[in-house]
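Each chain, written out:
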Number of protein chains: 2
Amino acid sequence: MGTTQLESVPEPKYWHLKTVLSEALDSEFAVGEILPNERDLAARFGVARATLRQALEQLELEGRLQRRRGVGTTVAPPRMGVAVGTDRGSWPGAPGDDWQPADSEPAVPPADVARALETGPDELVHTVRRTRVSHGQPVAAELLYVPSSSVPDLTAIDAPAGPARARAVLRELDRLALEGQDRAVELGSARADDARALDRLPGAPVLVVTTRFLAGGRTAALSVATYRADTCRLTFGDEGAVEIHHGPERQAS
Amino acid sequence: MGTTQLESVPEPKYWHLKTVLSEALDSEFAVGEILPNERDLAARFGVARATLRQALEQLELEGRLQRRRGVGTTVAPPRMGVAVGTDRGSWPGAPGDDWQPADSEPAVPPADVARALETGPDELVHTVRRTRVSHGQPVAAELLYVPSSSVPDLTAIDAPAGPARARAVLRELDRLALEGQDRAVELGSARADDARALDRLPGAPVLVVTTRFLAGGRTAALSVATYRADTCRLTFGDEGAVEIHHGPERQAS
């Protein structure tokens, strides 16, 4: 990894260090390899621990490094392209959908969700929890909110709880004619329940995808899906596989 | 803001503190208001500075707080919904497009971009820099890569540099029949040039949107757009305005 001293460089030290570290990751480390500890790395590059940590945080945000519980900091594999919303015409749980229904229970949704669903302030809705696995890893956790009015024929005795109940809700939802859907993507931090499902620590950066399913001229269901921001690149469109990574510094001159 | 002591709570302290702080933001603070300093906040809630900082970082990721240079930590307004890719059939620079062309120069693209564009390893392409302003704030910075083969009639003497050159490249690009586009969204950290354009510090979390424009059976142009993750919620679809915020804790029981 060399012994370049960074003391004399005019740009922010952590920024230059990040570039140097990024090149070292490309040339000297294999995917999955554990980095030397912070003290050794800081000494090798002649920087303070705080500077090193800033550079490591940048590389983690960019998906080049992963911090794993009980393992340390490892070199991350390229992010997985995970298709979001290629099928504008299908409900959650349609054939070919790679989400696993985990559970279903009645719950009062958060105020903003209730507003979108036009349910009363203390009205219970069906919630369905699902997880999505890609390449053998959990990549997303979803909470789907379905007002009773969208699934009027669902009975409590049919399948009272668990994955069977979740499938029953999705099956009933599928009877409605889907008119369209829209989505929003934003940065968030993993809530404790999602973090557990995604094998991350609470508070890890996640991409939150909110999808509104429209039927009968209103929002018939609303999904809040939390994707791991470290391992996922969300893809939209028919092709769905833009193989561009953002690790290395842009060379625009 | 109360004086609740958090010593006896079993869940991670910063997590509970985040929830308590979030409620305080809703009830006691106005948008734009500056939070008390870290020492005062830590003392008030009976937590260590490190715990407080973790909670503040979470709230920043979730878009509830903003750290602003020379100002301090302020209560953030709700994120802006910024439409991405509602028009599947238009080139960058189409009428109604709210991007401002800033500059254009020839450059060798990064290796992964060159691969997508099928240009040679040291081949120059046209780059166009644009910025997007929404509600009076810069929300995104874009670097668009256009191979010479996509704009064969562009001449060097026409408009040699600056915004006029950028507009000339876009005008030539518009002559091609656009066959489709696909997109990927991922987490990144702001590069120095983008950070300047977005009024952020280098390394701030950003949402990187990569768009591939398809014409003549190949990738005729490729855009890498960097959106502020703190202020933006990217919207997809015809409706384009899912008004769901993720600040408050989900109440799923």
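The sections below set out a description of the structure shown in this document. (Residues numbered from 1 in each chain as written. Chains lettered and ligands numbered in written order. Predicted model: local features only at pLDDT ≥ 70, side-chain atom pairs only at ≥ 80, totals over all residues. Heavy atoms only, no water.)

**Some thoughts on the overall build of chain A**
Note the following rule: By the criteria applied, helices consist of DSSP H or I runs no shorter than four residues and strands consist of E runs no shorter than two, each listed in order from the N terminus. The cut-offs for exposure are 20% and 50% of the maximum accessible area for each residue type, with area from a 1.4 Å probe on protein chains only; residues under the lower value are buried, those over the upper are exposed, and the others partly exposed. Residue contacts are defined here by distance: any two heavy atoms, one from each residue, within 4.5 Å place the two residues in contact. Residue exposure ignores everything except the shown protein chains as possible cover, and the areas themselves are Shrake-Rupley values with a 1.4 Å probe.
Along its length, chain A carries six helices and ten strands. Buried positions account for 52% of the 253 residues belonging to chain A. Counted over contacts in chain A with a minimum sequence separation of 6, partners at least 24 positions apart contribute 64%. As presented, chain A carries roughly 11100 Å² of accessible surface, and 50% of it is formed by carbon and sulfur atoms.

**Describing the sheet that holds strand β3 (residues 80-83) of chain A**
Applicable threshold: Strand pairing is defined by DSSP finding a minimum of two bridges between the two strands. For helices, the fitted line uses only the C-alpha atoms of the stretch in contact; every axis is such a line through C-alpha atoms, and the angle between N-to-C directions lies from 0 to 180 degrees.
Taken in spatial order, the eight strands of this open sheet run β3(A)-β10(A)-β7(B)-β8(B)-β9(B)-β6(B)-β5(B)-β4(B), and their pairing is mixed. A single partner strand is all that each edge strand has here, and the edge strands are β3 of chain A together with β4 (99-107) of chain B. Here the average twist between neighbouring strands, direction ignored, is 25 degrees. Relative to strand β7 (residues 180-189) of chain B, strand β10 (residues 232-236) of chain A runs antiparallel, the two being bridged by three bridges. Across the sheet, residue threonine 235 of chain A finds its bridge partner in β7 of chain B, namely alanine 184 of chain B.

**Re the packing of aromatic side chains**
Rule in force here: Ring pairs shown here join Phe, Tyr and Trp side chains whose ring centres sit within 6.5 Å, with only the six-membered ring taken for Trp; geometry is labelled stacked below 30 degrees between planes, edge-to-face above 60, and tilted in between. Ring-over charges, as used throughout, are those where CZ of Arg or NZ of Lys falls within 6 Å of the ring centre and within 35 degrees of the ring normal.
Counted under the stated rule, the structure contains seven aromatic pairs over all chains. Taken together, a centroid distance of 6.2 Å and an interplanar angle of 90 degrees make the contact between tyrosine 14 of chain A and tryptophan 15 of chain A edge-to-face. With respect to burial, tyrosine 14 of chain A and tryptophan 15 of chain A carry one shared label: buried. Between phenylalanine 236 of chain A and phenylalanine 236 of chain B the ring centres are 4.1 Å apart and the planes differ by 0 degrees, which places this aromatic pair in the stacked class. Residue phenylalanine 236 of chain A is found in strand β10, and its partner phenylalanine 236 of chain B is found in strand β10 (residues 232-236); the two belong to separate chains. Judged by relative accessible area, phenylalanine 236 of chain A falls into the buried class, the value being 7%. Directly above the aromatic system of tryptophan 15 of chain A lies the positively charged group of lysine 18 of chain A, at a separation of 4.2 Å from the ring centroid.

**Description of helix α2 (residues 38-45) of chain A**
Residues and elements named next belong to chain A. For clarity, the threshold we go by: By definition, the arc is the one covered by directions from the helix axis to the C-beta atoms. Between N or O atoms, a polar contact is any pair within 3.5 Å; within protein, one atom must be a potential hydrogen donor and the other a potential acceptor, and residues adjacent in sequence are included only when both atoms are from side chains.
Every buried residue of α2 is listed here: Leu41, Ala42 and Phe45. The buried residues of α2 occupy an angular sector of 100 degrees when projected down its axis, which confines them to one face. Along α2, exposed side chains directed more than 90 degrees from the buried face belong to Arg39 and Ala43. Buried residues along α2 sit against α1 (13-28) and α3 (49-61). Sitting at the amino-terminal end of α2 is asparagine 37, which places a side-chain oxygen 3.1 Å from the backbone nitrogen of arginine 39. Within two residues after α2, glycine 46 carries a phi angle of roughly 65 degrees, on the positive side.

Function cannot be read off these values alone, since they describe shape.
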